[in-house]
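Working through the structure, step by step
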Amino acid sequence: ARAAASSRSSLPAAMADLDAAEDAAKELLGIMEAFPRFKERAVDPLHPEGERGALVFRGPLKLVQTVSKLTCASKASTVGDRFKALLSRSKWVRQEELEQALDGADGLDGLDGRLAAYDPAREYVAVVVAELQRGPACWHQVGGGHPASIEDSGPWLYVLDHGTSRAGRRPGFSYTGSLRPYRVSPRRPVAEGILLPDYAADGDPRAEQAAPARSTPPVVSAAQAEKLRAVCRMGREIVDAAHRVIKPGVTTDEIDRVVHDKHMEFGAYPAPLNYHNFPKSVCTSVNEVVCHGIPDMRQLEDGDIVNIDVSPIFDGFHADLNETFCVGPGVTQKKKDLIKASHDSLMKAIDACKPGFFYRDVGGIITSHINGCGFAVDKTYCGHGVGEYFHCAPNIPHYAGNKAKFVMKVGHCFTIEPMINTGTWKDVHWADGW
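All of these numbers come straight from a predicted model, not from anything done at the bench.

For the rest of this paragraph, the subject is the overall build of the protein. When helices and strands are counted, the protein shows twelve helices and 16 strands. Judged by the C-alpha coordinates and their principal axes, the protein covers about 90 × 50 × 40 Å. Considering the protein as a whole, with its 434 residues, one finds that 48% of them fall into the buried category. Taking as baseline every contact in the protein between residues at least 6 positions apart, the subset at least 24 positions apart corresponds to 72%. With the model as given, the accessible surface of the protein reaches about 20,900 Å², and the carbon-plus-sulfur share is 52%. Once the 50 positive and 55 negative side-chain charges of the protein are each reduced to a mean point, those two points are 3 Å apart.

As structure tokens, then:
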């Protein structure tokens with residue numbers, strides 16, 4: 001009877017140990033994922049190129065907890081410094097030796113599949129094993145490598161609340177499709193000598209919000225129109241530079257790096273950067289993301305479509321232009337039809353623009369074409385005035401029956417940017433707020 005009672009009392013303690021081990025292991029695996037150069041700096045030096053296997057960290061619960069706390073609490077920003085404690089107690093185990101090394105451990109389900117499927121050239125497998133009173137338990141994941149152009153700096157975190165906060169774990173959310181947010185790199189610096197907008201430091205575009213142009217469309221002079229044409233040509237070159245690197249396996253963060261560097265080369269400021277706390281220099285909207293997608297660690301896949309939206313500021317004026325590109329040969333015909341319908345509706349709307357034309361009628365032209373193609377016009381976002389300010393009057397909805405004010409006049413400068421959905425016109429905001 002005493003033995004049975006002792007056995008029952010040990011069950012809660014064993015479960016508590018398992019929960020504690022799981023928390024520590026997941027924290028470690030998460031912080032590995034948060035450093036984009038972890039594979040190249042920590043895993044690759046441990047094994048011959050192309051050899052299949054896993055990085056294994058194993059120890060008693062107390063050791064796993066201690067290493068997890070040390071690694072997560074550290075302020076070091078490079079892989080070598082941040083993971084010193086972990087790597088000193090980890091080893092590379094070849095795939096054919098893993099079964100014996102992990103014999104008897106709980107949590108092995110799915111590991112064989114990960115080992116068989118991962119690509120050693122661009123991915124790694126990591127395993128954390130905690131030795132518990134009930135026996136060893138393990139947790140594992142596949143992590144990705146990233147181009148050498150990415151600085152060895154971390155951790156990369158998830159963006160929340162319009163860019164005002166960050167999180168180490170992906171936020172829970174009822175996503176409408178298969179796409180998920182990934183970790184976002186630290187903010188890229190702006191070269192010295194580039195004129196900064198008022199929001200560059202604190203995210204608040206005070207001048208734009210206070211300008212009369214917010215309520216009345218500004219009229220630009222001939223000299224100002226030439227400046228606008230120049231910055232728009234610059235924007236086109238930046239979009240083309242982004243297009244040249246788009247292919248499966250490239251992260252949207254890498255696209256942001258190319259776009260940011262191109263702005264620096266031109267001596268221009270990327271208007272999205274810290275505008276209302278947006279964390280990046282370009283919007284990269286993939287698949288079901290309508291707009292304002294934040295560049296992150298996710299690698300583009302064959303069959304994706306991605307919209308690149310750039311807005312350089314140069315010589316006191318803004319451009320604002322975007323284009324949607326196909327990734328790889330696997331893009332479906334429906335996605336291609338969506339891109340063409342969006343483009344053609346834009347061209348029809350541009351053809352109608354002339355002095356005296358009502359801004360409210362732009363939406364009718366777009367909607368008529370889009371509905372005929374079997375798609376839906378998103379009603380949340382609209383075109384807008386652009387020039388000395390990133391966003392100003394007029395607002396130009398893309399859907400029919402809107403009540404937009406004003407008529408077009410000589411000297412007005414504005415965007416028309418129809419956002420078209422394959423399903424409903426409605427949308428939802430992710431936890432990042434964008």
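From this point, things continue past the structure.
For the coordinates displayed, the defined rule picks out ten aromatic pairs. Geometrically, the ring pair formed by F35 and F83 is edge-to-face, given 5.2 Å between the ring centres and 85° between the ring planes. Placement of F35 in the loop between α1 (2–33) and α2 (38–43) and of F83 in the loop between α4 (79–82) and α5 (84–88) is noted, with a sequence separation of 48 residues between them. Residue classification places F83 among the buried residues on the basis of a relative accessible area of 0%. For the ring pair F173 and Y175, a centre distance of 5.0 Å and an interplane angle of 65° mean the geometry is edge-to-face. Through successive ring pairs, a cluster of aromatic residues spans F35, F38, F83 and Y124. The ring of Y182 carries R170 above its face, with NZ or CZ at 5.1 Å from the centroid. If you follow K379 out to its NZ or CZ, it ends over the ring of W425, 4.7 Å from the centre.

What follows covers the pairing of strand β14 (residues 382–385). Of the strand pairs in this sheet, β14 and strand β15 (residues 392–397) are connected by four bridges, and their pairing is antiparallel. Looking across to β15, one finds that H384 is bridged to N395. Connecting β14 to the next strand, β15, in antiparallel fashion are six residues.

With respect to the helices, strands and loops of the structure, V407 is situated in the loop between β15 and β16 (420–421). Note: C-alpha distance between V407 and L98 (309 residues apart in sequence) is 71 Å. Sequence-distant contacts of V407, that is, excluding residues within four places in its chain, are made with G356, F357, F358, Y359 and H412.

Quick look at the sheet that holds strand β7 (residues 269–270) now. The strand order β7-β10-β11 describes an open sheet built from three strands, whose pairing is antiparallel. Every interior strand has two partners, whereas the edge strands, β7 and β11 (317–318), have only one. Pairing of β7 with strand β10 (residues 312–314), which is carried by two bridges, proceeds in the antiparallel orientation. In the sheet register, P270 faces β10, and the bridge partner there is P312. Helix-sheet contacts for helix α9 (residues 222–245) involve β10 and β11, and the interaxial angle to β10 is about 140°.

Structural remark: α-helix, 3.6 residues per turn; residues separated by three or four positions point the same way. With 24 residues, α9 ought to run about 34 Å at 1.5 Å a step, and its terminal C-alpha atoms sit 36 Å apart, in line with that. Those residues of α9 lying buried are A225, L228, V231, M234, G235, I238, V239, A241 and A242. At its buried positions, α9 is contacted by α10 (252–266), β9 (305–310), β10, β11 and β12 (321–326).

If you check α10, its first and last C-alpha atoms are 21 Å apart, about what 15 residues at 1.5 Å a residue would give, namely 21 Å. With respect to burial, α10 is a largely interior element, eleven of its 15 residues being buried. Buried within α10 we find T252, D253, E254, I255, D256, V258, V259, H260, K262, H263 and M264. Buried positions along α10 lie against α9, β7, β8 (283–286), β9 and β10. Of the residues one or two after α10, G267 is the one with positive phi, at around 75°.

With that settled, consider the packing of α9 against α10. In contact at an axis separation of 9 Å, α9 and α10 are set at 145° when each is read in the N-to-C sense. Handedness of the α9/α10 crossing: right-handed. Counting all contacts with α9, which are made through M234, E237, I238, A241, A242 and V245, the residues of α10 involved are I255, V258, V259, K262, H263 and F266. Considering only residue class, the contact of α9 with α10 consists of nine nonpolar, one polar and two charged.

Bringing the pattern of salt bridges into the picture now. Per the counting criterion, the structure on display carries 28 salt bridges. D204 serves as the salt-bridge partner of R206, at 3.8 Å between the closest nitrogen and oxygen. Exposure remark for R206: the relative accessible area of 40% places this residue in the partly exposed category. When salt bridges with common partners are traced through the structure, they connect R188, D253, D256 and K280 into a single cluster.

Attention now moves to the sheet that holds β9. The strand order across the open sheet built from three strands is β8-β9-β12, with neighbouring strands paired in antiparallel fashion. Unpaired on one side and paired on the other, β8 and β12 mark the two borders of the sheet. Across this sheet, the average inter-strand angle for adjacent strands is 20°, counted without regard to direction. Of the strands in this sheet, β9 and β12 touch α9, which is tilted by about 20° from β12.

Reading the values: the criteria
Residues numbered from 1 in each chain as written. Predicted model: local features only at pLDDT ≥ 70, side-chain atom pairs only at ≥ 80, totals over all residues. Heavy atoms only, no water. Helix = DSSP H or I, 4+ residues; strand = E, 2+ residues; numbered from the N terminus. Buried < 20%, exposed > 50% of the residue type's maximum accessible area, 1.4 Å probe, protein only. Contact = heavy atoms within 4.5 Å. Areas by Shrake-Rupley, 256 points an atom, 1.4 Å probe, with all protein chains shown as cover. Lys, Arg positive; Asp, Glu negative; His and termini not counted. Charge placed at Lys NZ, Arg CZ, Asp CG, Glu CD. Phe/Tyr/Trp six-rings, centres within 6.5 Å; stacked < 30°, edge-to-face > 60°. Lys NZ or Arg CZ within 6 Å of the ring centre and 35° of its normal. Pairing = 2+ DSSP bridges. Axes fitted to C-alpha atoms, helices over the stretch in contact; angles between N-to-C directions. Expected span 1.5 Å × (residues − 1). Left-handed = near helix turned anticlockwise from the far one by under 90°. Nonpolar A, V, L, I, M, F, W, Y, C, P; charged D, E, K, R; others polar. Salt bridge = Lys/Arg side-chain N within 4 Å of Asp/Glu carboxyl O.

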